[in-house]
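# Descriptive analysis of the structure
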Amino acid sequence: MDQLWATFISGKSNFFLYAVVPAIVVTVSYLTGSFASWLIERAPSQQAYKIQKKLHAGATWRECFRHVFFHKLTSEIPLTFAGYPIFVWLGVSKELPLPGVVEVLAVLAASFVIEDAWHYMAHRSLHAKWAYAKIHHIHHKYTTPFGPAANFAHPLETLYTGFGTLLPVMILRPHLSTMLIWVVVRQWQAISVHVGFELPWRPSRWLPILGGARFHDVHHQKFTCNYAPTFIWWDRLLGTADAAAPAGRAAPERAN
Ligand SMILES: [Zn+2]
Ligand SMILES: [Zn+2]
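Conventions we followed
Residues numbered from 1 in each chain as written. Chains lettered and ligands numbered in written order. Predicted model: local features only at pLDDT ≥ 70, side-chain atom pairs only at ≥ 80, totals over all residues. Core = buried A, V, L, I, M, F, W, Y, C linked by C-beta atoms within 7 Å. Buried ≥ 20, exposed ≤ 12 C-beta atoms within 10 Å, placed from the backbone. Helix = DSSP H or I, 4+ residues; strand = E, 2+ residues; numbered from the N terminus. Contact = placed C-beta atoms within 7 Å. Axes fitted to C-alpha atoms, helices over the stretch in contact; angles between N-to-C directions. Parallel < 35°, antiparallel > 145°, perpendicular 65-115°, else oblique. Left-handed = near helix turned anticlockwise from the far one by under 90°. Nonpolar A, V, L, I, M, F, W, Y, C, P; charged D, E, K, R; others polar.

## Examining the nonpolar core
- Core analysis: the largest hydrophobic core is formed by 15 residues, its most contacted members being Ala-149, Phe-152, Val-195, Phe-197 and Ala-213.
- If you list the elements that add at least two residues to this core, you get helix H3 (58-90) and helix H7 (176-193).
- With sequence-adjacent residues up to four places away left out, Ala-149 is seen in contact with Cys-64, Tyr-142 and His-194.
- Counting twelve residues, the second largest nonpolar core, distinct from the first, contains Ala-19, Leu-166, Val-169 and Met-179.

So, in C-alpha cells, the structure goes:
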C-alpha cells in the first residue's frame, strides 16, 4: 500500500493532491452513493423498508442532479480549493508511512463527532425565520428524502454546513490519505441518511447513538426537530429530538 501511495503522489503538485484530488473524490463519492441509493429505491426486495411510500420519478432525480452539479461548481469545489492552502499550512502530511487502521478509524470517529456538533448548530441556525426563507427552504423542497437530495441545497448552505467537513481536518490534521477517506465516508453518510429506507443492515441498528435515515426523514417531514446529521445526542441534550417518533418509530407520512 505504501508503494502504491508513493507512486500516486510522485511528481504531483500540492495543488493537484490537496485541491483537485479531494474535489474529484467528493464528486465521485456523491455519484457512487447516489447510484447505490437509486439501486435500493428500484429494488423490489427493499420496498418493505421504505420509510415513506412516495417514490420520486426520474424527472425529480434529473432536477436534483442539475441543481447539485451547478452548486458543486459554484460552492463545493471552490470550498474544497479554498481548503488547499490551509491544509498545506497546517501540515496535513502526504509523506510515508501511511497511518495504520486504528489511527484511521480513530480519526474518522473524532471527525464525525466534530462535524456533527458544527452541523447541528449550523443547521439549527438555518431554521431561523430569515435563514430558512432565504436559504434553507431549498433543502426542504423534498419532504420525502432520496439519496442525491443530500446535496440539494442553497450554495451558501453548502459553504456553511460544509465547513463542518473541513473543521475536523483543521483540528486533527490527519494524513492526506485519511482526509480523503473522511471525505468519502462523510459524503456516503450524508446520502445514507437521505436514502428514505430504514434498511435492516443500517449501522444505527447496532449503534443506537446514530440517528440514521429515519431520524433525518422525520426532520424532512416535521421541520423543527432532529437537526443533527449523525448522532442523536445534541437533539436529546438541547430538547429538539422528535418526541412523537423516537428512534425506531416513524412519523406519519406527509405528501411531497
Ligand atoms: Zn436533509
Ligand atoms: Zn432543516
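## Some details on the packing of H3 against helix H6 (residues 155-172)
- Where H3 contacts H6, the axes come no closer than 10 Å and their chain directions differ by 25 degrees. For the element pair H3 / H6, the angle class is roughly parallel. Pair H3 / H6 crosses with right-handed handedness. Along its contact with H3, which presents His-71, Thr-74, Ser-75, Glu-76, Leu-79, Gly-83, Ile-86, Phe-87 and Leu-90, the element H6 presents Pro-155, Thr-158, Leu-159, Gly-162, Leu-166, Val-169 and Met-170.
- Across the contact of H3 with H6, the residue classes tally to nine nonpolar, six polar and one charged.

## Quick notes on the packing of helix H2 (residues 14-42) against H3
- Relative to each other, H2 and H3 sit at 145 degrees, their axes nearing to 9 Å. Relative to H3, H2 is oriented so that their crossing is right-handed. Packed against H2, whose contacting residues are Asn-14, Phe-15, Tyr-18, Ala-19, Pro-22, Ala-23, Val-26 and Thr-27, the element H3 presents Lys-72, Glu-76, Ile-77, Thr-80, Phe-81, Tyr-84, Phe-87 and Val-88 at the interface.
- Grouping the amino acids of the contact of H2 with H3 by side-chain chemistry returns eleven nonpolar, three polar and two charged.

## Comments concerning unusual backbone geometry
- Put simply, Leu-96 and Pro-97 share a cis peptide bond, and its omega is 5 degrees.
- Unusually for a residue other than glycine, Arg-173 sits at a positive phi of about 50 degrees.
- By secondary structure assignment, the location of Arg-173 is in the loop between H6 and H7.
- Look at Arg-173 and you get partly exposed, because 15 C-beta atoms sit within 10 Å.
- The backbone of Asn-226 shows a phi angle near 55 degrees, a positive value even though the residue is not glycine.
- By the C-beta count within 10 Å, which is 28 here, Asn-226 ends up buried.

## A closer look at the environment of Phe-87
- Structurally, Phe-87 is set in helix H3.
- Classification of Phe-87 by C-beta neighbours within 10 Å gives buried; the count is 23.
- What Phe-87 contacts, discounting residues up to four positions off in sequence, is Tyr-18, Val-92 and Val-169.

## With respect to the environment of Val-21
- Note on placement: Val-21 falls in helix H2.
- With 19 C-beta atoms counted inside 10 Å, the residue Val-21 sits in the partly exposed group.
- A C-alpha to C-alpha distance of 9.7 Å links Val-21 and Thr-80, two positions 59 residues apart in sequence.
- With residues up to four places along the chain from it excluded, the contact list for Val-21 reads Phe-16 and Leu-180.

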